[in-house]
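Structural characterization, general
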Amino acid sequence: MDRGWIQFLLVVVPVMSLIGSWLALRAIAERQDRKVGAPKRPKQAAGGTKDKTGNKAESE
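These notes cover the structure that comes with them. None of these values were measured; they are calculated from a predicted model. The written sequence of each chain sets the order in which its residues are numbered from 1. Per-residue local features of the predicted model are confined to residues with pLDDT of at least 70, and side-chain atom pairs are confined, for both listing and counting, to 80 or more; whole-chain, interface and lining totals are unaffected and use all residues. The basis for every side-chain value is the complete set of heavy atoms in the structure, and neither hydrogens nor water enter the calculation.

1. Some words on the overall build of the chain
Applicable threshold: Numbering of helices and strands starts at the N terminus; helices are DSSP runs of H or I of at least 4 residues and strands are runs of E of at least 2. Three exposure classes are used, based on accessible area relative to the maximum for each residue type with a 1.4 Å probe and protein chains only: buried under 20%, partly exposed in between, and exposed over 50%. Only the protein chains shown count as covering a residue, and every accessible area follows the Shrake-Rupley method with a 1.4 Å probe.
Secondary structure summary: the chain contains 2 helices and 0 strands in total. Expressed as a percentage of the 60 residues in the chain, the buried residues total 0%. Counting only carbon and sulfur atoms, one obtains 61% of the accessible surface of the chain, whose full area is about 6000 Å².

Laid out in structure tokens, this is it:
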């Protein structure tokens, strides 16, 4: 095997592993947020009410 391929694999495999772990942790966190009765993150709590399309609802 060429030395360049070995160096490439030694860099790419750990980087892809880190990216996969990060995506998995994001998915788990989003799943926790969607559970009924789960406390909202501060960013979501202060965001106000939004309709189905994501537009901010107007209060009357």
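Text resumes after the structure shown.
2. Some thoughts on the packing of aromatic side chains
What counts here: Note on aromatic contacts: the rings of Phe and Tyr and the six-membered ring of Trp form a pair at centre separations within 6.5 Å, being stacked when their planes are under 30 degrees apart, edge-to-face when over 60 apart, and tilted otherwise.
Inspection of the entire model under this criterion finds 1 aromatic pair. Between W5 and F8, the aromatic rings sit 5.7 Å apart at their centres with planes inclined by 90°, giving edge-to-face as the arrangement. With W5 and F8 both in helix α1 (residues 3-34), this residue pair falls 3 residues apart, about one helical turn.

3. Section: the pattern of salt bridges
The following threshold applies: For salt bridges, the criterion is a side-chain nitrogen of Lys or Arg within 4 Å of an Asp or Glu carboxyl oxygen.
All chains considered together, the criterion is met by 1 salt bridge. Linking R26 and E30 is a salt bridge whose minimum nitrogen-to-oxygen distance equals 3.8 Å. Placement of both R26 and E30 in helix α1 is noted, with a separation of 4 residues, approximately one turn of the helix.

4. Comments concerning a nonpolar patch on the surface
For clarity, the cut-off: Like-charged residues are merged into a patch within 9 Å and nonpolar side chains (Val, Leu, Ile, Met, Phe, Trp, Tyr) within 5 Å, provided each residue has over 30% relative accessible area and no salt bridge.
The grouping of V11, V15, M16, I19, W22 and L23 at the surface amounts to a nonpolar patch, some 590 Å² of accessible area in total. In this structure, L23 sits in helix α1.

Read these as layout, nothing more, since geometry by itself doesn't imply function.
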